[in-house]
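For reference, the chains in residue letters:
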Amino acid sequence: MWHVQISKQRRRRQQQLQQHGRALLKRLERHQRQRRRWAWQATNMNDLHDGSFHAAISPVLVIAQCFGLMPVRGVRAATERGLCFTRCSWRTWYSLLYIGAISFDALFAINFALHGGLDMRSVEPIVFNGSILWASYQFLHLAHQWPQLMWRWARVEKHLPPYASWKEREQLARRIHSVASILLSLSLMEHLLSIISSVYHEVCPLRQDPVESYLYAVSAQFFHVFPYSNWLGWLGKLLNVLLTFGWNYIDLFVILVSIGLSHLLTRLTRQLQQLVERPMPEKFWTYVRTRYRSIVELIYDMDDAISGIMFISFGSNVYFICLQLLKSINEMPSTMHAVYFYFSLAFLIGRSLSVLLFVSAVHERARDPLRLLHLVPPSGYLSEVQRLANELSSDNVSLSGLRFFNVTRKLCLAVAGSIVTYELVLIQFHEDEKSWDCQAGKQ
C-alpha cells in the first residue's frame, strides 16, 4: 500500500515540477523577448546616436551646406575620421559663390544708401549684409579647421566616463536636434509672416501686381540701377532667403557648440557627483584633473576658432534689438504688420537671450566641480584634490567674442544696460514719419 502512495507522491511532484518548469520557461521566454526588444532599441539608438558631438551636429551641418555655409566633406560620416576640407570640392566652390553673391548684394546696398541718403532705413541693409558677409568668411575659415577640432573633440569624449544607457547616449543629439528644429521653425515662421504682411497688406505699392511690388521692394538696391525684370526680382528674393538663413544660423551654430561643450563638462561632473563623498585614491583624482584639463583645452581651442562668429552674433543682435525697439514706438500701418513686427521682435530678443544663456552655461558648468570639492571627506582630501581645486578656482573657462568680452551670466545685465543707453540716445534723433512713410522711402 505504501508503494502506491509513494508512486502517487512522485507523480504529483513530477506534475508540479512540470507545471513549475512550464511557468519558468514562459517567464524566461517573456524575459528574453523583452531583452531582445530592448537590445533592438538600443542598437537602433546606437546607430542613430553614438553619443558623439560629430554625430549629433551633422544634420544641422548638412542643412547649412545647402545654404553655402561650412563646406566640410564627410559631415554624414560614421566617425570624425571621415571629415576633411578640400579647396577643389563643389561645397567650397558653392560657398565661394555664396560669399560672392553676398558681396555683390552688399555693394548695391551701399550704392543705394549713398544715393538715397544715409538714415536709419538705408543703413540697416548695409549692417545686415556686412555682418553676414563677415560671418560667411568666418565659417569658410572654420571649415578648414573643423576636421582637426572634431578629432580633438572625439579624443576628449573617448576618455570620459561611459554612458550608463542608450537614453543617456542619445541625450546630446536629442537636445541639439530639438533646439535646431525650434529655432529654424520660428525663423521660417517669421519669414513667412514678413511675406504675408508685405504682399497682402502692402502699404507702399510700387507696382500694380502685389507680387511684383514685393519683389521690387525686396530688390530695391538692384532696381535703383537696372530696370525692373522678374528674373532679377526673384534673384534678389533668393539672396534675401540665403541672407535670412545665414543670419539665423550664426546664432544657432553658437548655441549648438555651447551645448556640446557644456555636455562634456556635465558628463565629468556627473561621475564626480556620485563618488565625491567617498574617500577615493590619488589615481582617481589624477584622472578627474587630467580629464578636466583636456576639456578646458578643447574649450580654448573652440574659442579661438569661433570667437569671430561669437562677436558677430552679439554685435548684430544688439544692433537690431535697438533698431526694432526704436521702430516699436511708431504706429503700425495694419494689424498684419503689427503681428509680424512684434513676433519678429519677440523672436529676436528670445534668440539673443538664448545665445547668452547657452553660451554662459559653459562657464557655469566649468565651475560646478569646484562646488562639489567641498563635499570631499577629510580622509580623502589628498594633494591631487588641492591641485584640482586650485586649477578650478584660477581658470576663467568661458567663450568670448574676439577676446573683447567673456560670455558669462553677468554679461546679460551689461548688454541690457547698453541697449537701454543706446535706445535713449536714438530716441533723441528719432523721426516717427520716416519708418512707414512712403515718400521718405523713395527719397
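Just so it is clear, the structure is predicted and the values come from calculations on it, not from any experiment.

Parameters at a glance
- Residues numbered from 1 in each chain as written.
- Predicted model: local features only at pLDDT ≥ 70, side-chain atom pairs only at ≥ 80, totals over all residues.
- Heavy atoms only, no water.
- Helix = DSSP H or I, 4+ residues; strand = E, 2+ residues; numbered from the N terminus.
- Buried < 20%, exposed > 50% of the residue type's maximum accessible area, 1.4 Å probe, protein only.
- Contact = heavy atoms within 4.5 Å.
- Areas by Shrake-Rupley, 256 points an atom, 1.4 Å probe, with all protein chains shown as cover.
- Salt bridge = Lys/Arg side-chain N within 4 Å of Asp/Glu carboxyl O.
- Axes fitted to C-alpha atoms, helices over the stretch in contact; angles between N-to-C directions.
- Parallel < 35°, antiparallel > 145°, perpendicular 65-115°, else oblique.
- Left-handed = near helix turned anticlockwise from the far one by under 90°.
- UniProt positions renumbered as here; feature names shortened; annotations may be inferred.
- Polar contact = N/O pair within 3.5 Å; in protein donor to acceptor, adjacent residues only side chain to side chain.
- Patch = residues over 30% accessible without salt bridge, like charges linked within 9 Å, V, L, I, M, F, W, Y side chains within 5 Å.
- Phe/Tyr/Trp six-rings, centres within 6.5 Å; stacked < 30°, edge-to-face > 60°.
- Lys NZ or Arg CZ within 6 Å of the ring centre and 35° of its normal.

Student: Which residues make up the overall build of the protein chain, and what are the values?
Tutor: If you tally the helices and strands in the protein chain, you get 15 helices and zero strands. Of all 443 residues assigned to the protein chain, the portion counted as buried reaches 44%. The long-range fraction of contacts in the protein chain, counting pairs at least 24 apart against all pairs at least 6 apart in sequence, stands at 79%. Put simply, the protein chain shows about 23700 Å² of open surface, and 60% of that area lies on carbon and sulfur atoms.

Student: Break down the pattern of salt bridges for me, with residues and values.
Tutor: Using the criterion set out here, one finds 15 salt bridges in the structure. Here E391 ties to R289 by a salt bridge, and the two come within 3.3 Å at their closest N and O atoms. Of the two residues, E391 is situated in helix α12 (residues 383-394) and R289 in helix α10 (residues 282-327); the sequence distance between them amounts to 102 residues. Of the two residues, E391 and R289, neither departs from the other in class, the shared state being buried. The residue D303 makes a salt bridge to R403 at a minimum N-O spacing of 3.4 Å. You can see D303 sitting in helix α10 and its partner R403 sitting in the loop between α12 and α13 (410-428), a full 100 residues away along the chain. Taking the relative accessible area as the measure of exposure, D303 reaches 4% and is therefore buried. Overlapping salt bridges bring together R289, R293, E297, E384, E391 and D395 as one network.

Student: So what about the packing of helix α2 (residues 53-66) against helix α6 (residues 171-199)? Which residues, and what values?
Tutor: What describes two packed helices is the angle between their axes and the distance between those same axes. In the contact formed by α2 and α6, the axes pass within 8 Å of each other and the chain directions differ by 20 degrees. Relative to α6, the element α2 is oriented roughly parallel. The element α2 and its partner α6 pack so that their crossing is right-handed. In this structure, α2 contributes F53, A56, I57, P59, V60 and I63 to the contact, and α6 contributes L172, A173, I176, H177, A180 and L184.

Student: Before we move on, could you go through the UniProt feature "transmembrane region" (unreviewed entry) in the protein chain and cite the residues and values that matter?
Tutor: UniProt feature "transmembrane region" (unreviewed entry): in the numbering of this structure it lies at residues 53-72, 93-114, 246-265, 305-326 and 338-362. The distance from the first to the last C-alpha atom of residues 93-114 is 32 Å, and the span holds 100% helix and 0% strand. As annotated, residues 338-362 comprises 100% helix and 0% strand, and the C-alpha atoms at either end are separated by 37 Å.

Student: Explain helix α7 (residues 210-218) residue by residue, including any values.
Tutor: Looking at α7, one finds that the buried residues are S213, Y214 and L215. As for α7, its buried residues are in contact with α6, α8 (220-223) and α9 (230-275).

Student: Quick rundown of the side chain of H54? Include the residues and the values.
Tutor: Tracing the backbone shows H54 in helix α2. Residue H54 is classed as buried on the basis of its relative accessible area, which comes to 6%. Side-chain polar atoms of H54 contact the backbone oxygen of T79, separated by 3.3 Å. Apart from the residues within four sequence positions on either side, H54 is in contact with G74, V75, A77, A78, T79, E80, L83 and M150.

Student: Help me get a handle on a nonpolar patch on the surface, residues and values and all.
Tutor: On the surface, W134, Y137, L402 and F404 cluster together into a nonpolar patch covering about 450 Å² of accessible area. Within the secondary structure layout, F404 lies in the loop between α12 and α13.

Student: Explain the environment of A366 to me, and be specific about the residues and the numbers.
Tutor: Along the chain, the position of A366 falls in helix α11 (residues 335-372). Since its relative accessible area comes to 3%, A366 is described here as buried. Put simply, A366 and V296 are 70 residues apart on the chain and 8.3 Å apart in space, counted from C-alpha to C-alpha. With sequence-adjacent residues up to four places away left out, A366 is seen in contact with L265, Y292, L392 and V397.

Student: Any chance you could break down the packing of aromatic side chains for me, citing the residues and the numbers?
Tutor: If you walk through the whole model with that rule in mind, you get 24 aromatic pairs. Centre to centre, the rings of Y216 and F223 are 5.1 Å apart; their planes meet at 20 degrees, and the pair counts as stacked. Ring pairing ties together the aromatic residues F67, F139, W146, F245, Y249 and F253, which thus form one cluster. It is R351 that lies over the ring of W247; its NZ or CZ is 4.3 Å from the centre.

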